[in-house]
Amino acid sequence: IPPFAATSQRNPRARPSPSETKPMGQQCSGGEGTAKTSAFEDWEAITSKPDEDASPTSIEIYPEAVHGNPITEFGDGVVDDCDKIHKAVRGWGTNEKALIETLGGVTQSRRMEIYVKFDDIHGKNLQEVMKSECGSRDMGLALQLLALPPDEAEAMMLKLGKQKRYIYPILCGRSNEEIRLLRRAFYKRYGRDLSVQMKMKLGKSIYERFLMHCLQGFETPYEERYHTPELAAEDARAFHKAGEGKWGTDEEALFEIICRSPPSHLINVDKCYSKLYGGDTHLLEAVDREMGGHVGRATAYAVGMKLQPYRTVARQIKLACQGFGTDELALTMLVIRYQKILAKVDEAHMELYSKSMADRIKAETSGQYRVLLLQVVKAATVV
């Protein structure tokens, strides 16, 4: 099977024994547990108010053209944009302002049209032109990523991210379809199966095992007649039994529940978990207590992307900027990858931190790199 072929759906739930199952009507009542503050900063704000517009599948961030709707028509001005880029890089020196306006100040769909048309007109790969003209430092790398279709840009990010902290935000909390598209893009670009690449990069570890679960893409499509309150209670008990309810942690059982549960169902599991095991205890706190390090961050991110995707991304943007110096690579990846949903992320960022993403970027970055990121945010948030 090609590495980008759709993976089969599977539902390997380990059901609790009958003695653990309460009668209908009491699914989320009773139980004991002690609340404990999560070590993951700001997670409490995320778990306290799940998204009202929860999606039946994990959130998708690719434009339609990546999802099998090839570009056959081009918008007004695309040819002019291509000519503008060509003039900006022709001759001595580079007109960075023109590149920032043309690639940073437009939507994902528009950039895809520019990417295709630029090759048609000038016979050159736009990403390679950006690399040649602008280099691979902060702004140059951002322009390279903006010059690629979103799925290929993510494939490039996975190659660039040498450290584990850059990988899990790309692979965790994704829909089955976008995982398939990402695997296809990685194979197309590098001629290697993404799972094989990740195993080589990460080695054998619990973190690697969780990412392999994410790469399988077996989230169950949400169905109200299947994802019932009874199943939510059952999964909440199974989650507790695999983690806080036993000596040691059954990571595989936790990974299965997190990865196969669609957002609407996991929100109900989270509510049941809180009712059963302590009013202030949520799945994120449970993950915090049971798993630390990179696997703890990855599993928490996956849960957060299903419970509160916009707040979770807002929190990740803050983390990229906090501490001694800004992690420009992490910030670049987040702003470019999530452009499709940045308007709602910006609202969440304001709610959590009383400042806009633009305000944070202005405070944490400088020069033309700052101007470029602000252009991307503006294109996503200004209607």
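### Regarding the environment of Ala 185
Line of reasoning, step 1. Inspection of the secondary structure puts Ala 185 in helix α9 (residues 176–190).
Line of reasoning, step 2. Judged by relative accessible area, Ala 185 falls into the buried class, the value being 3%.
Line of reasoning, step 3. Remark: the alpha-carbon pair of Ala 185 and Pro 150, spanning 35 residues in sequence, is separated by 9.5 Å.
Line of reasoning, step 4. In this structure Ala 185 touches Asp 151, Glu 152 and Ala 155, once residues within four positions along its chain are discounted.

### Some details on the packing of helix α6 (residues 138–146) against helix α18 (residues 328–337)
Angle between the axes and distance between the axes: these two values describe a pair of packed helices.
Line of reasoning, step 1. Between α6 and α18, the shortest axis-to-axis distance is 10 Å and the interhelical angle comes to 25°. Between α6 and α18, the angle is such that the two are roughly parallel. As for the relative orientation of α6 and α18, their crossing is right-handed in sense. Between α6 and α18, the contacting residues are Asp 138, Leu 141, Ala 142, Leu 145 and Leu 146 on the first element and Glu 328, Leu 329, Thr 332 and Ile 336 on the second.
Line of reasoning, step 2. Taken together, the residues of the contact of α6 with α18 break down into 6 nonpolar, 1 polar and 2 charged.

### Re the packing of aromatic side chains
Here the distance between the centres and the angle between the planes together describe a pair of aromatic rings.
Line of reasoning, step 1. Under the defined criterion, the tally for this structure stands at 5 aromatic pairs.
Line of reasoning, step 2. Measuring from centroid to centroid gives 5.6 Å for Tyr 168 and Tyr 301, while their planes differ by 70°, and the two rings are edge-to-face. Here the residue Tyr 168 occupies a position in helix α8 (residues 168–171), and Tyr 301 occupies one in helix α16 (residues 293–307), the gap between them amounting to 133 residues.
Line of reasoning, step 3. Ring plane angle 50° and centroid distance 4.9 Å describe the contact between Phe 210 and Phe 255, whose orientation is recorded as tilted. In this pair, Phe 210 is assigned in helix α11 (residues 206–216) and Phe 255 in helix α13 (residues 251–260), connecting sequence segments 45 residues apart. Phe 255 carries the same exposure label as Phe 210, and that label is buried.
Line of reasoning, step 4. Feature note: the residues Phe 239, Tyr 273 and Tyr 277 constitute an aromatic cluster, connected by ring pairs.
Line of reasoning, step 5. Here Arg 174 stacks its cationic end above the ring of Tyr 62, 5.3 Å away from the centre of that ring.

### Details of the layout of surface pockets
Line of reasoning, step 1. Of the pockets and cavities examined, the second largest pocket occupies roughly 280 Å³.
Line of reasoning, step 2. The wall of the second largest pocket is formed by 15 residues, among which Ala 65, Met 112, Asp 151, Glu 152 and Lys 188 lie closest to the centre.
Line of reasoning, step 3. Contributions of two or more residues to the lining of the second largest pocket are made by α4 (108–122), α7 (150–160) and α9.

### Some thoughts on the state of the cysteines
Line of reasoning, step 1. For the structure shown, the criterion picks out 0 disulfides.
Line of reasoning, step 2. The structure places no disulfide on Cys 214, whose sulfur is separated from the nearest cysteine sulfur, that of Cys 172, by 3.9 Å.

### Regarding the side chain of Asp 81
Line of reasoning, step 1. With respect to the helices and strands, the residue Asp 81 is situated in helix α2 (residues 78–89).
Line of reasoning, step 2. The class for Asp 81 is buried, based on a relative accessible area of 15%.
Line of reasoning, step 3. Setting aside residues up to four positions removed in sequence, Asp 81 forms contacts with Thr 102, Arg 110 and Ile 114.

### Considering the packing of helix α12 (residues 229–242) against α13
Line of reasoning, step 1. With their axes 8 Å apart at the nearest point, α12 and α13 run at an angle of 145° to one another. Of the two elements, α12 crosses α13, and the hand of that crossing is left-handed. Contacts from Asp 235, Ala 238, Phe 239 and Ala 242 in α12 reach Ala 253, Leu 254, Ile 257, Ile 258 and Arg 260 in α13.

### Quick notes on unusual backbone geometry
Line of reasoning, step 1. Look at Ser 354: it is not a glycine, yet its phi comes out positive at around 60°.
Line of reasoning, step 2. Among the secondary structure elements, Ser 354 is positioned in the loop between α19 (342–353) and α20 (357–364).

### Focus: the pattern of salt bridges
Line of reasoning, step 1. All chains considered together, the criterion is met by 17 salt bridges.
Line of reasoning, step 2. The salt bridge partner of Glu 223 is Arg 225, with a shortest N-O separation of 3.2 Å.
Line of reasoning, step 3. The partly exposed category is assigned to Glu 223, whose relative accessible area is 34%.
Line of reasoning, step 4. What makes Arg 225 exposed here is its relative accessible area of 73%.
Line of reasoning, step 5. Members of the salt-bridge network, linked through shared partners, are Glu 154, Arg 174, Glu 178 and Arg 337.

### A word on the nonpolar core
Line of reasoning, step 1. Met 130, Leu 171 and Phe 210 are the most contacted members of the largest nonpolar core, which has 111 residues in total.
Line of reasoning, step 2. Considering each element in turn, this core owes the most residues, 8 residues, to α16.

Rules used in this analysis
- Residues numbered from 1 in each chain as written.
- Predicted model: local features only at pLDDT ≥ 70, side-chain atom pairs only at ≥ 80, totals over all residues.
- Heavy atoms only, no water.
- Helix = DSSP H or I, 4+ residues; strand = E, 2+ residues; numbered from the N terminus.
- Buried < 20%, exposed > 50% of the residue type's maximum accessible area, 1.4 Å probe, protein only.
- Contact = heavy atoms within 4.5 Å.
- Axes fitted to C-alpha atoms, helices over the stretch in contact; angles between N-to-C directions.
- Parallel < 35°, antiparallel > 145°, perpendicular 65-115°, else oblique.
- Left-handed = near helix turned anticlockwise from the far one by under 90°.
- Nonpolar A, V, L, I, M, F, W, Y, C, P; charged D, E, K, R; others polar.
- Phe/Tyr/Trp six-rings, centres within 6.5 Å; stacked < 30°, edge-to-face > 60°.
- Lys NZ or Arg CZ within 6 Å of the ring centre and 35° of its normal.
- 1 Å grid on protein atoms, 1.4 Å probe; cavity = no way out; pocket = protein on both sides within 12 Å on 5 of 7 lines; lining within 4 Å.
- Points joined across faces, edges and corners; volume = space filled by probe spheres on them.
- Disulfide = S-S within 2.5 Å.
- Salt bridge = Lys/Arg side-chain N within 4 Å of Asp/Glu carboxyl O.
- Core = buried A, V, L, I, M, F, W, Y, C linked by side-chain atoms within 4.5 Å.

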